[in-house]
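What follows is each chain in one-letter form.
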Amino acid sequence: MKILVTGGCGFIGSHFIEYFLKTYPGAQVANVDLLTYAAHPDMPNYLESLAPERYSFLKRDISDPELKSWVKSGKFDAIVNFAAETHVDRSILDPDSFVRTNVMGVQNLLAVAREAGNIRLVHVSTDEVYGSLKPEDPPCLETNSLDPNSPYAASKASADLLALASGRTYQQPVLITRCTNNYGPYQFPEKLLPLLIANALENKPIPVYGDGKQVRDWIYVVDHCRGIDAVLQKGHPGEIYNISASGEARNIDVIKKVLDILGKPRSLITYVGDRPAHDRRYGLNSNKIQSELGWKPQFSFEEGLRSTVEWYIKNQEWWKKVRGSDYQKYYQANYENKFGSKNSKNREVNS
Ligand code: DAU
């Protein structure tokens, strides 16, 4: 199989390429990535080193109309799209870039896939499109309505709708996966888990938005990649597949767990102002992919978390490299002011 992966230098995309090259010794992978801030500078070389003869790379935006002829001549069997702006906080500060990449980029990619012979396109989406659950709600099914609350989630929901509409209008074999919060090695340290581990290792405060009782549904990134592969190989065009390891946990409990694994004090926990329109709870039902495609998560949260923490302990050079001056400038200029460093305070965690 020869596949095109878009956004393959990001966190989930790079894991997927590694998984795919290692699982299928005959497979070829081409990776199109714009190498934005979220791609670690070492990632292109790392992926190349995995299978130099079966891997190629093109630095390009998925919105680029010129991609059409390049993809057409590549004779790919399928495209898997990971390319996206993904950080909710950034989408609040700069929604335009999310519309450009996540909506216009996907619209272009749909046309690219059609012109390249109507090839199969797996579009990687998110549980955030369903919006926030109440404590008593059952986890979301694929049939739940879309109710996004952040510019990020709205851009992903828009792309999902465009993809579904293209499937119906042009008989395009488009499949959508919606996954929960991923964690694992190589995640950019602006997302909760890597930020928390890196800050704790450096004895820096851990910023907890609001009361910290928001619930996220956690999945180890490799389990997600296996789920995407199941959809790529066996999924039905036009269908949506939720991917979840049923790992719902409150942020504050996850934070305490990580501090305990690291042997760091709870006094690092620092409550800060809340993210605007912060979704209270995510949770997905993944019975469909389990029963129809035979996928199952392999990692428990405990197992995945421990190995992730170990990876960040062993690979401090990796995350320190991206927490350089640009990262610091971004945080100082945007986050602290917007999310209320003024009203941040350390307080005893008794919940
Ligand atoms: O649910 C899937 C989604 O998970 C993906 O589609 C997104 O791309 C990904 O960014 C993630 O979104 P979240 O907003 O849930 O992830 P984040 O790591 O930013 O935050 C997780 C929770 O932790 C959320 O309730 C906000 C909170 N948080 C986050 C950060 C960065 C904090 O309390 N403090 C923080 O410093």
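It should be noted that the structure appears before, not after, this text.
A brief look at the structure comes next. Note that the structure is a prediction, hence the values are computed from the model and not measured. (Residues numbered from 1 in each chain as written. Predicted model: local features only at pLDDT ≥ 70, side-chain atom pairs only at ≥ 80, totals over all residues. Heavy atoms only, no water.)

1. Thoughts on the overall build of the chain
Helix and strand content of the chain: 13 helices and 13 strands. Scaling as 2.2 N^0.38, a compact globule of 351 residues should have a C-alpha radius of gyration of about 20 Å, and the chain matches this with 20 Å. Based on the C-alpha atoms only, the size of the chain along its principal axes is roughly 60 × 45 × 35 Å. Looking at the 351 residues of the chain, the share that counts as buried comes to 56%. Across the chain, contacts joining residues at least 24 apart in sequence account for 85% of those joining residues at least 6 apart. (Helix = DSSP H or I, 4+ residues; strand = E, 2+ residues; numbered from the N terminus. Rg over C-alpha atoms; globule rule 2.2 N^0.38 Å. Buried < 20%, exposed > 50% of the residue type's maximum accessible area, 1.4 Å probe, protein only. Contact = heavy atoms within 4.5 Å.)

2. Points about the side chain of N199
With respect to the helices, strands and loops of the structure, N199 is situated in helix 7 (residues 192–201). Contact partners of N199, with chain neighbours within four places excluded, come to K204, P205, I206, P207 and R323.

3. Section: the sheet that holds strand 4 (residues 78–81)
Spatially, 7 strands are ordered 3-2-1-4-5-6-10 in an open sheet, and the strand pairing comes out parallel. Taken across any chain shown, the strands that pair with only one partner, and hence form the sheet edges, are strand 3 (55–59) and strand 10 (240–243). On average, each strand axis in the sheet is tilted by 20° relative to the strand beside it, whichever way the strands run. Where strand 4 lies against strand 5 (residues 120–126), 4 bridges are found, and the strand directions are parallel. (Pairing = 2+ DSSP bridges. Axes fitted to C-alpha atoms, helices over the stretch in contact; angles between N-to-C directions.)

4. Observations regarding unusual backbone geometry
The phi dihedral of Q171 is positive, around 50°, even though this residue is not glycine. Along the chain, Q171 turns up in the loop between helix 6 (151–170) and strand 6 (174–179). A positive phi angle, near 55°, is found at A277, a position not held by glycine. Considering the arrangement of structural elements, one finds A277 in the loop between strand 12 (269–272) and helix 10 (287–293). The class for A277 is exposed, based on a relative accessible area of 52%.

5. What about the site of the ligand?
In the vicinity of the ligand lie 23 residues, with T126, D127, Y152, N181 and R275 positioned nearest. A distance of 2.7 Å separates an oxygen atom of the ligand from a polar side-chain atom of T126. Within the backbone of L192, an N or O atom sits 2.7 Å from an oxygen atom of the ligand. Computed on the free molecule, the ligand has an accessible area of 680 Å², of which 95% lies beneath the protein chains in the complex. Where the shell around the ligand is concerned, the elements lending two or more residues are helix 7 and strand 8 (206–209). The element that contributes the greatest number of residues to the shell around the ligand is strand 8, accounting for 3 residues. Grouping the constituent residues of the shell around the ligand by class yields 9 nonpolar, 8 polar and 6 charged. (Near = heavy atom within 4 Å. Polar contact = N/O pair within 3.5 Å; in protein donor to acceptor, adjacent residues only side chain to side chain. Areas by Shrake-Rupley, 256 points an atom, 1.4 Å probe, with all protein chains shown as cover. Nonpolar A, V, L, I, M, F, W, Y, C, P; charged D, E, K, R; others polar.)

6. Let's talk about the pattern of salt bridges
Evaluated as defined, the whole model comprises 16 salt bridges. Among the salt bridges present, the one from K22 reaches E18, with a minimum N-O distance of 2.6 Å. In this pair, K22 and E18 are both assigned in helix 1 (residues 11–23), 4 residues apart and thus about one turn of the helix distant. K22 gets classed as exposed once you look at its relative accessible area, which sits at 56%. With its nearest N and O atoms 3.0 Å apart, the salt bridge here joins K321 to D42. Of this pair, K321 sits in helix 12 (residues 316–322) while D42 sits in the loop between strand 2 (28–33) and helix 2 (43–50), placing them 279 residues apart in sequence. (Salt bridge = Lys/Arg side-chain N within 4 Å of Asp/Glu carboxyl O.)

7. Structural notes on helix 9 (residues 251–262)
Counting along an α-helix, one turn takes 3.6 residues, and residues three or four places apart therefore face a common direction. An ideal rise of 1.5 Å per residue puts 16 Å on 12 residues; helix 9 measures up with 17 Å between its terminal C-alpha atoms. Those residues of helix 9 not exposed but buried are N251, I252, V254, I255, K256, V258, L259 and L262. The inward-facing, buried residues of helix 9 abut helix 7, strand 8, strand 9 (215–220), strand 11 (248–250), strand 12 and helix 11 (301–314). Looking one or two residues past helix 9, G263 carries a phi angle of roughly 65°, positive in sign. (Expected span 1.5 Å × (residues − 1).)

8. Points about the packing of helix 1 against helix 2
Close contact between helix 1 and helix 2 brings their axes to 10 Å; oriented N to C, the two are set at 10°. When the axis of helix 1 is compared with that of helix 2, the two are roughly parallel. Between helix 1 and helix 2, the residues in contact are S14, I17, E18, L21 and K22 and M43, Y46, L47 and L50, respectively. A breakdown of the residues in the contact of helix 1 with helix 2 according to their chemical character gives 6 nonpolar, 1 polar and 2 charged. (Parallel < 35°, antiparallel > 145°, perpendicular 65-115°, else oblique.)

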